[in-house]
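Notes for the structure review
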Amino acid sequence: MSQPHPPRRTALDALHRALGATMTDFAGWDMPLRYASERDEHLAVRTRAGLFDLSHMGEITVTGPQAGEALDYALVGHLSALAVGRARYTMICAADGGILDDLIVYRLAEQEYMIVANASNAQVVLDAVTERAAGFAGAEVRDDRDAYALIAVQGPEAPGILKSLTDADLDGLKYYAGLPGTVAGVPALIARTGYTGEDGFELFSAPADAEKLWQAITEAGADAGLVPCGLSCRDTLRLEAGMPLYGHELTTALTPFDAGLGRVVKFDKPGDFVGREALAAAAEKAAAVPPRKLVGLIAEGRRVPRAGHPVTDAEGAVIGEVTSGAPSPTLGVPLAMAYVDAAHAAPGSAGVAVDIRGTHEPHRVVALPFYKRER
């Protein structure tokens, strides 16, 4: 009988433990859940800055003269049209249109792309992209999960903190763009991306350089109130920002059109792609009969809705299901995202409740996101 593998540890594991982090097994990795108060970490990102270890994410490199064509076939987006130095949010779907994962793809050079997959789906994405690219002789797929550490600095003070450590043109770096540079003497890909709803950067470096980079950012951010942050506050930050999480708002049972993200599917790109036929049918069906819609719910009481709780109408009939829920440190009320029937999805819809362990708690339907930063 085979023994279960112990969780993997990032290059920053010893540092997290020295900081007193509460660790948790997440997608096969031992990751910091929180260092002290998850509420304080959350509010630090909203008002100052937070530092995250995201080295569990999965990096996959695709190179060669046909790299763009291979990705156009493997993914739903038009990646060959992506400019060098830019990034794009996209998805990889099964042949039946179900979402295998949502991804960010960076075009690092004319013939080089980097896919960043969710930790829980990294192997699935690697296997699918490798299989789909096999028909393109001019494309090579490489598993680079062990080649990178990933550190994110997020929050309104993030640009100022990072500027003190790099000569890279951060002012000229647009959202969803990246450039190679050095940060505190460490070579890194500096990307203006994130999963918190705030301005910030994600830094891809060699694992051997991760501790030096983390310590330099920590020291540079001390006067600005930067704190280390765990996965718990990352979840509440992305919930407030209305950002989907795979396994909650996105699953293999849903197409991008079911999730309200049909815009990522590019039917006008040249050539075929995996799932095209099923996704075209899903788009047509969604236009004719609107599917359940992903909405925001704000509790009128203090009880917190959680994933899987039924959403009901005024008569108690089930009209949907909560996908994510948590107390909101920023807004001070419990929040949830839920898929609900289109007839009840309009902001302000009356009579909507969440069945929390047998009690129908009233909620207000609102448009997503709950929180949007001032620019």
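Here we summarise the structure given alongside this text.

**So, the pattern of salt bridges**
Applying the stated criterion across every chain yields a total of 17 salt bridges. Residue D144 pairs with R142 through a salt bridge whose shortest N-O separation is 3.1 Å. A relative accessible area of 34% means that R142 is categorised as partly exposed. The network of salt bridges with common partners includes R9, D13, R17 and D30.

**Observations regarding the side chain of E202**
By the element assignment, E202 lies in strand β13 (residues 200-205). There is no salt bridge for the buried E202, and the closest opposite charge comes from R234, which lies 4.6 Å off by N-O distance. Here T193 takes part through its side chain, which lies 2.7 Å from a polar atom of the side chain of E202. Every residue in contact with E202, bar those within four places of it in the chain, is listed here: L54, Y106, L150, I151, A152, Q154, L189, I190, A191, T193 and G194.

**Observations regarding the sheet that holds strand β4 (residues 50-53)**
Note on sheets: strands pair through backbone hydrogen bonds, and any given pair is parallel or antiparallel. What the six strands build is an open sheet, ordered β11-β12-β13-β10-β4-β14; its pairing is mixed. Of all strands in the sheet, those with a lone pairing partner are β11 (178-183) and β14 (227-228), marking the two edges. With two bridges connecting them, β4 and β14 associate as parallel partners. The partner of G50 across the bridge, within β14, is V227.

**Things to note about the packing of helix α2 (residues 38-47) against helix α7 (residues 231-240)**
Here α2 crosses α7 at 50 degrees, and the two axes come no closer than 8 Å. What the angle tells us is that α2 and α7 run oblique. Handedness of the crossing formed by α2 with α7: right-handed. Contact residues: α2 offers E38, E41, H42, V45 and R46, while α7 offers S232, C233, T236, L237 and E240. The class makeup of the residues in the contact of α2 with α7 is three nonpolar, three polar and four charged.

**Digging into the nonpolar core**
Counting residues in each nonpolar core, the largest one holds 29 residues, and the members touching the most others are I151, V153, L162, I190, F201, L203 and I217. Listed by contribution, the elements that provide at least two residues to this core are β10 (149-154), α5 (158-163), β12 (186-191), β13 and α6 (210-220). Tallying contributions element by element places α6 first for this core, with five residues. Judged by nonpolar contacts, the second largest core, of 24 residues, contains L250, A259, V264 and L279.

**Things to note about the pairing of β11**
With six bridges connecting them, β11 and β12 associate as antiparallel partners. Bridge pairing in β12 places P180 opposite L189. The antiparallel pairing of β11 with β12 creates a hairpin that spans two residues between the two strands, and A184 there sits at a positive phi of about 55 degrees.

**Section: the pairing of β10**
Counting buried residues in β10 gives six out of six residues, a clear majority hidden from the surface. Going residue by residue along β10, you find A149, I151 and V153 tucked away on one face and L150, A152 and Q154 tucked away on the opposite face as well. Pairing of β10 with β13, which is carried by six bridges, proceeds in the antiparallel orientation. Note that in β13 the partner of A152 across the bridge is E202.

**Focus on α6**
Of all the positions in α6, only A210, L213, W214, A216 and I217 are classed as buried. Down the axis, α6 shows its buried residues gathered within 165 degrees of arc, on one side only.

Criteria and cut-off values
- Residues numbered from 1 in each chain as written.
- Predicted model: local features only at pLDDT ≥ 70, side-chain atom pairs only at ≥ 80, totals over all residues.
- Heavy atoms only, no water.
- Salt bridge = Lys/Arg side-chain N within 4 Å of Asp/Glu carboxyl O.
- Buried < 20%, exposed > 50% of the residue type's maximum accessible area, 1.4 Å probe, protein only.
- Helix = DSSP H or I, 4+ residues; strand = E, 2+ residues; numbered from the N terminus.
- Lys, Arg positive; Asp, Glu negative; His and termini not counted.
- Polar contact = N/O pair within 3.5 Å; in protein donor to acceptor, adjacent residues only side chain to side chain.
- Contact = heavy atoms within 4.5 Å.
- Pairing = 2+ DSSP bridges.
- Axes fitted to C-alpha atoms, helices over the stretch in contact; angles between N-to-C directions.
- Parallel < 35°, antiparallel > 145°, perpendicular 65-115°, else oblique.
- Left-handed = near helix turned anticlockwise from the far one by under 90°.
- Nonpolar A, V, L, I, M, F, W, Y, C, P; charged D, E, K, R; others polar.
- Core = buried A, V, L, I, M, F, W, Y, C linked by side-chain atoms within 4.5 Å.
- Arc of directions from axis to C-beta.

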